[in-house]
Amino acid sequence: MTEFRPRFFRTDAEVERIGAGLLARTLPRTEWTHEAHLAATTYLLLKRPEIDLEADLPGFIRAYNETVGGVNTDTEGYHETITRLFLHGVRLFLDEADLTEPLHDLVNELLLSPMGRRDWPLRFYSPARLFSLEARRNFVPPDLAVLP
């Protein structure tokens, strides 16, 4: 996969704005990047523990996509397996992280970790399985390696 250098966050307020912007559906569409997905997830896990992300994150993302002019179809928009996998990855990262660090530092460290890489899912899934219609609609187990 092509190597991408992540866009880092300079302040906690940047991360909080992304997380709150997802919930309020006010984050500009151009800012809904891979880094923003992981920042929002980290923010929600650490700052909004009352939210059940397993139950609610899919709806947040679908609603956000539609509000900013996107769609959730069989070929674009919300992807169940990728969302569940990265939610799991962020939890794995946070289980080992020093949670006394500033939020933006945690997100930046996550982005540099294996779980923060765009291609992390391909350690466990073949492209054919990960990008299948079934995987977009429902969580499917990996076909290459067991999830940590």
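Thresholds, definitions, all that
- Residues numbered from 1 in each chain as written.
- Predicted model: local features only at pLDDT ≥ 70, side-chain atom pairs only at ≥ 80, totals over all residues.
- Heavy atoms only, no water.
- Phe/Tyr/Trp six-rings, centres within 6.5 Å; stacked < 30°, edge-to-face > 60°.
- Helix = DSSP H or I, 4+ residues; strand = E, 2+ residues; numbered from the N terminus.
- Buried < 20%, exposed > 50% of the residue type's maximum accessible area, 1.4 Å probe, protein only.
- Contact = heavy atoms within 4.5 Å.
- Axes fitted to C-alpha atoms, helices over the stretch in contact; angles between N-to-C directions.
- Parallel < 35°, antiparallel > 145°, perpendicular 65-115°, else oblique.
- Left-handed = near helix turned anticlockwise from the far one by under 90°.
- Nonpolar A, V, L, I, M, F, W, Y, C, P; charged D, E, K, R; others polar.
- Salt bridge = Lys/Arg side-chain N within 4 Å of Asp/Glu carboxyl O.
- Core = buried A, V, L, I, M, F, W, Y, C linked by side-chain atoms within 4.5 Å.
- Expected span 1.5 Å × (residues − 1).
- Polar contact = N/O pair within 3.5 Å; in protein donor to acceptor, adjacent residues only side chain to side chain.

Draft legend 1. Structural context of the packing of aromatic side chains. On inspection of all chains with the given rule, the structure shows three aromatic pairs. By way of ring pairs, the aromatic residues Phe86, Trp120 and Phe124 are connected into one cluster.

Draft legend 2. Focus on the environment of threonine 83. Mapped onto the elements, threonine 83 comes out in helix α4 (residues 80-96). The class of threonine 83 is buried, set by a relative accessible area of 13%. When the C-alpha positions of threonine 83 and leucine 38 are compared, they lie 9.9 Å apart, and in sequence the two are 45 residues distant. Once residues within four sequence positions are removed from consideration, threonine 83 is found in contact with Leu57, Ile61 and Tyr78.

Draft legend 3. The packing of helix α2 (residues 34-47) against helix α5 (residues 103-112), seen in detail. Between α2 and α5, the least distance of the axes is 10 Å, while the angle of their chain directions is 130°. Between α2 and α5, the interaxial angle falls into the category oblique. In the packing of α2 onto α5, the handedness of the crossing is right-handed. Packed against α2, whose contacting residues are Glu35, Leu38, Ala39, Thr42, Tyr43, Leu46 and Lys47, the element α5 presents Leu103, Leu106, Val107, Leu110 and Leu111 at the interface. Among the residues forming the contact of α2 with α5, the class breakdown is nine nonpolar, one polar and two charged.

Draft legend 4. View of the pattern of salt bridges. A full pass over the atoms with the stated rule returns eight salt bridges. Between arginine 48 and glutamate 50 there is a salt bridge whose closest N-O contact spans 2.5 Å. Classification of arginine 48 as partly exposed rests on a relative accessible area of 26%.

Draft legend 5. Main features of the nonpolar core. Counting residues in each nonpolar core, the largest one holds 38 residues, and the members touching the most others are Phe9, Val15, Leu22, Trp32, Leu44 and Leu53. Mapped by element, the contributors of at least two residues to this core are α1 (12-24), α2, α3 (53-67), α4 and α5.

Draft legend 6. Structural detail: α3. Counted at 1.5 Å a residue, the expected span for α3 with its 15 residues is 21 Å, and the 20 Å between its end C-alpha atoms agrees. Those residues of α3 that sit buried are Leu53, Leu57, Pro58, Ile61, Ala63, Tyr64 and Asn65. In this structure, the buried residues of α3 make contact with α1, α2 and α4. The opening residue of α3, the one whose side-chain oxygen lies 3.3 Å from the backbone nitrogen of glutamate 54, is aspartate 52. A positive phi of about 95° marks glycine 69, the residue just after α3.

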